Amino acid sequence: MSPDDTEQAPPRWTRKDLLGLEELTREEILHLLDTARGFSEISTRSIKKAPALRGKVVLNLFFEPSTRTKSSFSLAAQRLSADLVDIIKEASSATKGESLVDTGKNLQAMGVDIVIVRHQQAGAPHLLARALDASVINAGDGTHEHPTQGLLDIFTMREKFGDLAGKKIALVGDITHSRVARSNIWGLRKLGVEVGVIGPRTLVPGAFKELGVNIHYHMDEVLGHYDVFNILRIQLERQRRGMFPSVREYHHLYGIDQKRLAKMKPGVLIMHPGPINRGVEISHEVADGENSVILQQVSNGLAVRMAALVLTQSAREARP
Ligand code: CP
């Protein structure tokens, strides 16, 4: 017997937490996406249940509003047979001054195994992950990262194109405030993708060049260059001052409508993480048109989040 026969392959996922794509390796990203592909099938069953997290407790701890991410994690946890607790900031003791870490420790004392956290402060999930034995999954921290959104976006692109190496993918709009943009950029660059960011100078800082992306301020010059346009929401709630003259002017210069779609590559993918400002960053016709995979992104989110729950929990349990 050779030494290789007795050697066990190292586990391909060893993180108890999923905090961002910046820290993941290419291999970890691909392993999570491959695991998610296996979980896609559960959503097609008439009884949408698997036992992977039976007896485990998942906590949704949301300090900012959410429709997609929170319900997607809830359904993912329930499909894996976990028990689920939901806490939103407005109905929690955070309103009485309790700290995030104290909230987490109290819920962990009740047996919570996985905390899904969305917070307005960048780094809040990282703080919680250091303080807790439970797994922590970042569901969006300020303008920093939204790793499961980045992963489900990449999953959806791979569904269409297979291997993404050499593909050209554009992120359009409010790059400066977008945690989705940062997670996409870190993930896609590790997979060998050419990434461009497009928008007005006030929303596309030149510093993004350091992340290895192309910067474009004139969208009409590059419509035919990219295979995917991932369109980001204009985040008026995070802007401290007007960063463009008017919503009408933004739509005129950067809104994706039928005229711009006609100048893109045939088969181009139109993506949007949601929620959509219809008539601002995207027209009704394009959002609902045949190039749009916006609702496929939402469906794929479930499989990606099932994979994130199972991998982080398995790694937590495998620790010595
Ligand atoms: N894409 C996204 O994060 O949507 P929600 O804010 O509805 O969760």
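Cut-off values and rules
- Residues numbered from 1 in each chain as written.
- Predicted model: local features only at pLDDT ≥ 70, side-chain atom pairs only at ≥ 80, totals over all residues.
- Heavy atoms only, no water.
- Near = heavy atom within 4 Å.
- Polar contact = N/O pair within 3.5 Å; in protein donor to acceptor, adjacent residues only side chain to side chain.
- Areas by Shrake-Rupley, 256 points an atom, 1.4 Å probe, with all protein chains shown as cover.
- Nonpolar A, V, L, I, M, F, W, Y, C, P; charged D, E, K, R; others polar.
- Domains from an automatic or database assignment.
- Contact = heavy atoms within 4.5 Å.
- Buried area = accessible area lost by both parts, 1.4 Å probe.
- Salt bridge = Lys/Arg side-chain N within 4 Å of Asp/Glu carboxyl O.
- Axes fitted to C-alpha atoms, helices over the stretch in contact; angles between N-to-C directions.
- Helix = DSSP H or I, 4+ residues; strand = E, 2+ residues; numbered from the N terminus.
- Parallel < 35°, antiparallel > 145°, perpendicular 65-115°, else oblique.
- Left-handed = near helix turned anticlockwise from the far one by under 90°.
- Phe/Tyr/Trp six-rings, centres within 6.5 Å; stacked < 30°, edge-to-face > 60°.
- Buried < 20%, exposed > 50% of the residue type's maximum accessible area, 1.4 Å probe, protein only.
- Lys NZ or Arg CZ within 6 Å of the ring centre and 35° of its normal.

1. Concerning the site of the ligand
What surrounds the ligand is the set S66, T67, R68, T69, R118, H146, Q149, P273 and G274. The contact in question runs from an oxygen atom of the ligand to an N or O atom on the side chain of T69, over 2.6 Å. Taking 260 Å² as the accessible area of the ligand by itself, protein coverage stands at 90%. Partitioned by chemical class, the residues of the shell around the ligand number 1 nonpolar, 6 polar and 2 charged. Among the domains, domain 1 (10-144 + 301-318) and domain 2 (147-297) are the pair contributing at least three residues each to the shell around the ligand.

2. Points about the domain arrangement of the chain
Annotation of the chain at the domain level lists domain 1 (10-144 + 301-318) and domain 2 (147-297). Taking the mean C-alpha position of each, domain 1 and domain 2 sit 26 Å from one another. Taken together, the 32 residues of domain 1 in the interface contact 24 residues of domain 2. Of the roughly 2300 Å² buried where domain 1 meets domain 2, counting both sides, 62% is carbon and sulfur surface. Among the salt bridges present, the one from R158 reaches D34, with a minimum N-O distance of 3.4 Å.

3. Here we look at the packing of helix α6 (residues 147-161) against helix α7 (residues 179-190)
Between α6 and α7, the least distance of the axes is 8 Å, while the angle of their chain directions is 55°. In this view, α6 runs oblique relative to α7, as classed from their interaxial angle. Seen from above, α6 lies across α7 with right-handed handedness. Where α6 approaches α7, its residues P147, Q149, G150, D153, I154 and M157 are matched on the opposing element by V180, S183, N184, G187 and L188. Class assignment for the residues of the contact of α6 with α7 results in 5 nonpolar, 5 polar and 1 charged.

4. Section: the packing of aromatic side chains
The relative placement of two aromatic rings is captured by the distance of their centres and the angle of their planes. The final tally for this structure, using the stated rule, is 2 aromatic pairs. With centroids separated by 6.1 Å and ring planes inclined at 85°, the aromatic side chains of Y226 and F229 adopt a geometry described as edge-to-face. Relative accessible area serves as the criterion here: at 0%, Y226 is assigned to the buried category. A centroid spacing of 5.5 Å and a plane angle of 35° characterise the contact between Y250 and Y254, whose relative ring orientation is tilted. Of this pair, Y250 and Y254 both sit in helix α8 (residues 247-254), 4 residues apart, which is roughly one turn of the helix. Classification of Y250 by relative accessible area gives buried; the value is 2%. Residue class for Y254 comes out buried when judged on its relative accessible area of 8%. For R201, the ring lying beneath its charged end belongs to Y217, and the centroid distance is 4.0 Å.

5. Thoughts on unusual backbone geometry
The residue after G274, namely P275, is reached through a cis peptide bond having omega -5°. By the secondary structure assignment, P275 is in the loop between β9 (269-271) and α10 (284-287). Phi at S81 takes a positive value of approximately 70°, unusual for a residue other than glycine.

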